[in-house]
Amino acid sequence: EFVSTRLGIKRDARVVAASKRTNSNDFDREFYDFLINIDSYAARNQYGISSSDRPQTKEWDRYFLTTVGIQGQQLFELRLQCNKEDYEKDREELLGILHS
C-alpha cells in the first residue's frame, strides 16, 4: 500500500522495530507493534530517457507506527504517521498513544 502510482517515484522502506506485548489491563490480550521508516524520492522529469535526465530528490521521510491486535475473529489496527523530525521530538507521546 506504500507503492506510488506516479512515474519516477522510488520508495525505500525499513522496519526499524517490531515487538510483541501483552496488555494486562485488557485480559492479557496480545498486541504487535511495528515502526517503519519510509523515504520517498521523486524525479522532477519523469519522462527523461536516461537516468541522468531523471535525477531523484528526497520528497519526504516519514515514520509509520502501527499496533495490531486480535479480538475474537477480527483484526484491529491503529496506525500513526509523522515526519522523521516530529517522531524524534514527540517519540514518547506517540508511543503512549499506541500503547493506550
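Up top is the structure these notes are about.
Here the structure is a predicted model, which means the values were calculated and not measured.

Points about the overall build of the chain
Okay, step 1: On a plain count of helices and strands, the chain comes out with one helix and four strands.
Okay, step 2: Its helices and strands taken in sequence order, the chain reads β-β-β-β-α from the N to the C terminus.
Okay, step 3: Here the chain, with 100 residues, has 29% of them falling under the buried criterion.

Points about the layout of surface pockets
Okay, step 1: When its volume is computed, the largest pocket comes out at roughly 150 Å³.
Okay, step 2: Only strand S1 (9-23), strand S2 (29-43), strand S3 (56-71) and helix H1 (84-98) provide two or more residues apiece to the lining of the largest pocket.
Okay, step 3: If one sorts the elements of the lining of the largest pocket by residue count, H1 sits on top with four residues.
Okay, step 4: Split by residue class, the lining of the largest pocket holds eight nonpolar, three polar and two charged.

Here's the deal with the pattern of salt bridges
Okay, step 1: Applying the stated criterion to the full structure yields nine salt bridges.
Okay, step 2: For the salt bridge of Asp33 with Arg21, the shortest nitrogen-to-oxygen distance reads 2.7 Å. Placement of the pair is Asp33 in strand S2 and Arg21 in strand S1, with a sequence separation of twelve residues.
Okay, step 3: We note a salt bridge from Asp61 to Lys58, for which the minimum N-O separation is 3.8 Å.
Okay, step 4: Judged by its relative accessible area of 46%, Lys58 falls in the partly exposed class.

Quick notes on the side chain of Asp61
Okay, step 1: Residue placement: Asp61 occurs in strand S3.
Okay, step 2: A polar contact of 2.9 Å, which involves the side chain of Asp61, links it to the side chain of Asn37.
Okay, step 3: Aside from chain neighbours lying at most four places away, what touches Asp61 is Asn37, Ile38, Asp39, Asn83 and Lys84.

Points about the sheet that holds S2
Okay, step 1: Overall, antiparallel pairing links the four strands, which are arranged S1-S2-S3-S4 in an open sheet. A strand with exactly one partner marks an edge of an open sheet, and here the two such strands are S1 and strand S4 (74-83). Each neighbouring strand pair of the sheet contributes to a mean axis angle of 20°, computed without reference to strand direction.
Okay, step 2: Note: S1 against S2, 14 bridges, orientation antiparallel. Looking at S2, one finds that Arg14 is bridged to Asn37.
Okay, step 3: Packed onto the sheet, H1 meets S1, S2, S3 and S4 and runs at close to 150° relative to S4.

Cut-offs and rules
- Residues numbered from 1 in each chain as written.
- Predicted model: local features only at pLDDT ≥ 70, side-chain atom pairs only at ≥ 80, totals over all residues.
- Heavy atoms only, no water.
- Helix = DSSP H or I, 4+ residues; strand = E, 2+ residues; numbered from the N terminus.
- Buried < 20%, exposed > 50% of the residue type's maximum accessible area, 1.4 Å probe, protein only.
- 1 Å grid on protein atoms, 1.4 Å probe; cavity = no way out; pocket = protein on both sides within 12 Å on 5 of 7 lines; lining within 4 Å.
- Points joined across faces, edges and corners; volume = space filled by probe spheres on them.
- Nonpolar A, V, L, I, M, F, W, Y, C, P; charged D, E, K, R; others polar.
- Salt bridge = Lys/Arg side-chain N within 4 Å of Asp/Glu carboxyl O.
- Polar contact = N/O pair within 3.5 Å; in protein donor to acceptor, adjacent residues only side chain to side chain.
- Contact = heavy atoms within 4.5 Å.
- Pairing = 2+ DSSP bridges.
- Axes fitted to C-alpha atoms, helices over the stretch in contact; angles between N-to-C directions.

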